[in-house]
Amino acid sequence: MRVAAELIDVEPGLWVWRLEHPAWRPGLDWEPLVASTGVESGGEVALLDPLAPRGEDDEAWRRLDARPPTIVVVLKPDHVRDVDVFVRRYRARAFGPWLFWRDDIPETELEPIEPGSVLPGEMLALYDGRGRNETPLWLPEQRTVVFADALTAPQGELRVWASPAHEARALPALRELLELPFERVIVSHGDPVHDRAAFERALEREPWEA
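Residues numbered from 1 in each chain as written. Predicted model: local features only at pLDDT ≥ 70, side-chain atom pairs only at ≥ 80, totals over all residues. Heavy atoms only, no water.

What about empty space enclosed by the protein?
Scanning the model with the defined rule gives one cavity of 30 Å³ or more in all. The calculated volume of the largest cavity comes to roughly 40 Å³. If you trace the largest cavity, you find it lined by A35, T37, L48, D49, L75, V146, F147, A148, I186, V187 and S188. Of the residues that constitute the lining of the largest cavity, the class distribution is eight nonpolar, two polar and one charged. (1 Å grid on protein atoms, 1.4 Å probe; cavity = no way out; pocket = protein on both sides within 12 Å on 5 of 7 lines; lining within 4 Å. Points joined across faces, edges and corners; volume = space filled by probe spheres on them. Nonpolar A, V, L, I, M, F, W, Y, C, P; charged D, E, K, R; others polar.)

Encoded structure:
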């Protein structure tokens, strides 16, 4: 198992670290490495769906300690990950869904968000149409949209993750996001960073089903 986090600098004030998810096992429809996002926006330092680095000597911890996060955001009910670790370590405010799986509930009381919520730093929660209570996040300063699971990139190809209402709700909602002037998207699974053209192509592909 990979121990040290893989760091990816996207642009100043926006970076990603990737770790092997401790709950991954063969047969799951996602790859072992998952991405967490750090962003500086409107004077806030936010962590999105963060997974904690394994050891205190990890470069990811050094970067976080140098610019301590002020908020932590959970974008989807099954992306609780290590929100409690970061809240305790940095005394950050935490935001996330109002509903969680019964066996994966954070100890931290999260401030609820839903599509249309404006978070500190002027980050905007979006609607993905998939019925999974996911709220992708629009980062206006970085012209970036960060997704939890609405899109995935197995073998590097950006795809919409399948859902029962793919044609009826998911595609219309995702196409509506094209009204935002974003230049890139970040996803949790597979290659994390993709440009706007890749997003547009993903809307024309068959949805991802393992």
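From this point, the narrative continues.
Examining the packing of helix α3 (residues 166-176) against helix α4 (residues 196-204)
Axis angle and axis distance: for two packed helices, these are the angle between their axes and the distance between the axes, and together they describe the pair. The contact between α3 and α4 brings their axes to 11 Å, and the two run at 160 degrees. By the angle between their directions, the pair α3 and α4 is classed as roughly antiparallel. With respect to the hand of their crossing, α3 and α4 are arranged in left-handed fashion. In contact with L171, L174 and R175 of α3, α4 contributes F199, L203 and E204. When the residues that make up the contact of α3 with α4 are grouped by side-chain class, the tally is four nonpolar, no polar and two charged. (Axes fitted to C-alpha atoms, helices over the stretch in contact; angles between N-to-C directions. Helix = DSSP H or I, 4+ residues; strand = E, 2+ residues; numbered from the N terminus. Parallel < 35°, antiparallel > 145°, perpendicular 65-115°, else oblique. Left-handed = near helix turned anticlockwise from the far one by under 90°. Contact = heavy atoms within 4.5 Å.)

Observations regarding the nonpolar core
Ranked by internal contacts, the top residues of the largest apolar core, which has 22 residues, are W17, W61, L64, V72, V83 and F86. Of all the elements, helix α2 (residues 83-90) adds the most residues to this core, at four residues. Setting aside chain neighbours within four positions, we find F86 in contact with W17, L47, P50, L51, A52, P53, W61, L64, V72 and R91. Core analysis: the second largest hydrophobic core is formed by 20 residues, F147, L151, L177 and F199 among them. (Core = buried A, V, L, I, M, F, W, Y, C linked by side-chain atoms within 4.5 Å. Buried < 20%, exposed > 50% of the residue type's maximum accessible area, 1.4 Å probe, protein only.)

Some points on unusual backbone geometry
For residues that are not glycine, phi is negative in most cases, and the peptide bond is trans in most cases. Despite not being glycine, R91 shows a phi value in the positive range, around 55 degrees. If you trace the backbone, R91 turns up in the loop between α2 and β6 (93-96). Residues other than glycine seldom take positive phi values, yet Q155 does so here, at roughly 55 degrees. Along the chain, the position of Q155 falls in the loop between β12 (151-152) and β13 (159-160). Residue classification places Q155 among the exposed positions, given a relative accessible area of 70%.

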